[in-house]
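# Descriptive structure summary
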Amino acid sequence: MGKDLKSLVRCMYTGKLNDNVRKLKIATEELKDIGNSVMKRVKICEEQQQMKRLDKVQSWLRQADIVIKEAEDLFLTSSSSSQGLLSSSHKMEKKICKKLKEVEEIKSRGMFEVVAENVGGGSGSTVKTNDEETVGLEAVSGLVWRCLTMENTGIIGLYGLEGVGKTTVLTQVNNRLLQQKANGFDFVLWVFVSKNLNLEKIQDTIREKIGFLDRTWTSKTEGEKAAKIFDILSKRRFALFLDDVWEKVDLVKAGVPPPDAQNRSKVVFTTCSEDVCKEMSAQTKIKVEKLAWELAWDLFKKNVGEDTVKSHPDIAKVAQEVAAKCDGLPLALVTIGRAMASKKTPQEWRDALYILSNSPPNFSGTQFCKLIKLF
């Protein structure tokens, strides 16, 4: 009878021990998943946004690593304890329960809305640009830069023809801001909007750049996403650059606090339409003009190459006509100039002039490059 009772008690403790070991294993795996998710977010912020992980996040990651290692050590010893003395199984069961509470407690603290912060100069990513495309745009870039320092200008609109250099100006200002360590902004955010306005896509881009990568993000509604973004940006000073805006972007619906004298934040956008500047309530509208002929011709020659222009007496005159067809637009001058760099016969240049002379008004440099290969 005594033996049977003892065996029954041992079975009860062993069963309880095995059940708690199973719970601890599940909790430990869940903690690993949370830790991997947090680390992934941290890496994105550090490598793509040049941000610094928060001290509380680093501390949590360290604690998680330690408790995971301790739990795994317990798994190795628990199997032998379950087969040993009753007192040994009881002690192990208490250790497992204690470690399970620790794992659950650390798990509960692993849901960070923000995992990193800027290092003094505003977090963000530089945007690639071509120095040759900045010819003649220095004055406009300087004007936009001055607007960033003016308290009564929160929203700035750059407008002008497609290919005139608006994106280049925006890129210059964005990169210059990021290069200055003490620029006064907590976030410097670049968002490409494009013709088909997608508010959620804008929200997704912003939340990545501010380091908010909650796993539940995709299941949130547009309004819930906006509330999360607003909660973070309303406590920080930001510069938001919106490139290629075709219609009004509702900042409030996107979760972006409207810039004002109190938050001193800025929104700068590019558009082909002056009407969009009005719809976006831009306090400052800046028109980006075409290049004057002298600057346009110099830019074109620089991309074609002097050797090509001078390779035949008849090419120089036709080259000027081709450059004139670019209508002072830097993007066309650069794209078409490079496409013609290898063309060293007058007939090739006449073919190019024919294509441009018989093309629709909205004909792009990229379309030209495809056609010129056929000749």
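Just so it is clear, the model here is predicted, and its values are computed rather than measured.

Before going further, it helps to examine helix α12 (residues 315-325). Those residues of α12 that fall on the buried side of the exposure criterion are Ile-315, Val-318, Ala-319, Val-322 and Ala-323. In a view along the axis of α12, the buried residues occupy a sector of 145 degrees, so they form one face of it.

All right, on to the nonpolar core then. Core analysis: the largest hydrophobic core is formed by 57 residues, its most contacted members being Val-38, Trp-60, Ile-206, Leu-233, Leu-242 and Phe-269. With nine residues, the top contributor of residues to this core is helix α2 (residues 55-81). Each of domain 1 (1-113) and domain 2 (137-287) accounts for three or more of the residues forming this core. Once residues lying within four places of it in the same chain are set aside, the contact partners of Phe-269 are Ile-155, Ile-156, Gly-157, Leu-158, Leu-242, Val-245, Val-276, Cys-277, Met-280 and Ala-282. Counting residues in each nonpolar core, the second largest holds 45 residues, with Cys-147, Ile-315, Ala-332 and Leu-353 among its members.

Pairs can form between side chains of opposite charge once their charged atoms are near each other. Using the criterion set out here, one finds 18 salt bridges in the structure. For the salt bridge of Glu-30 with Lys-107, the shortest nitrogen-to-oxygen distance reads 2.4 Å. Taken together, the residues span a long stretch of sequence, with Glu-30 in helix α1 (residues 2-48) and Lys-107 in helix α3 (residues 86-108) at a distance of 77 residues. Residue Glu-30 is classed as partly exposed on the basis of its relative accessible area of 34%. The exposure class of Lys-107 is buried, given its relative accessible area of 14%. Salt-bridge contacts for Glu-105 lead to Arg-109; the nearest nitrogen and oxygen are separated by 2.6 Å. Its relative accessible area of 38% is what places Glu-105 among the partly exposed residues.

Taken as a whole and assessed by the stated rule, the structure comprises five aromatic pairs. Relative to Trp-297, the ring of Trp-293 has its centre 5.9 Å away and its plane inclined at 15 degrees; by these criteria the two rings are stacked. Residue Trp-293 and its partner Trp-297 are both found in helix α10 (residues 293-304); the two are separated by four residues, about one turn of the helix. The class of Trp-293 is partly exposed, set by a relative accessible area of 37%. A centroid spacing of 6.2 Å and a plane angle of 20 degrees characterise the contact between Trp-297 and Phe-300, whose relative ring orientation is stacked. Placement of the pair is Trp-297 and Phe-300 together in helix α10, with a separation of three residues, close to one helical turn. Among the aromatic residues, those joined into a cluster by ring pairs are Trp-293, Trp-297, Phe-300 and Trp-349. Positioned over the ring face of Trp-246 is Lys-195, at 4.9 Å from the centre of the ring. Over the ring of Phe-185 we find Arg-237, and its NZ or CZ is 4.0 Å from the ring centre.

Rules behind the numbers
- Residues numbered from 1 in each chain as written.
- Predicted model: local features only at pLDDT ≥ 70, side-chain atom pairs only at ≥ 80, totals over all residues.
- Heavy atoms only, no water.
- Buried < 20%, exposed > 50% of the residue type's maximum accessible area, 1.4 Å probe, protein only.
- Helix = DSSP H or I, 4+ residues; strand = E, 2+ residues; numbered from the N terminus.
- Arc of directions from axis to C-beta.
- Core = buried A, V, L, I, M, F, W, Y, C linked by side-chain atoms within 4.5 Å.
- Domains from an automatic or database assignment.
- Contact = heavy atoms within 4.5 Å.
- Salt bridge = Lys/Arg side-chain N within 4 Å of Asp/Glu carboxyl O.
- Phe/Tyr/Trp six-rings, centres within 6.5 Å; stacked < 30°, edge-to-face > 60°.
- Lys NZ or Arg CZ within 6 Å of the ring centre and 35° of its normal.

Spatial relationships are all this shows, so hold off on functional conclusions.
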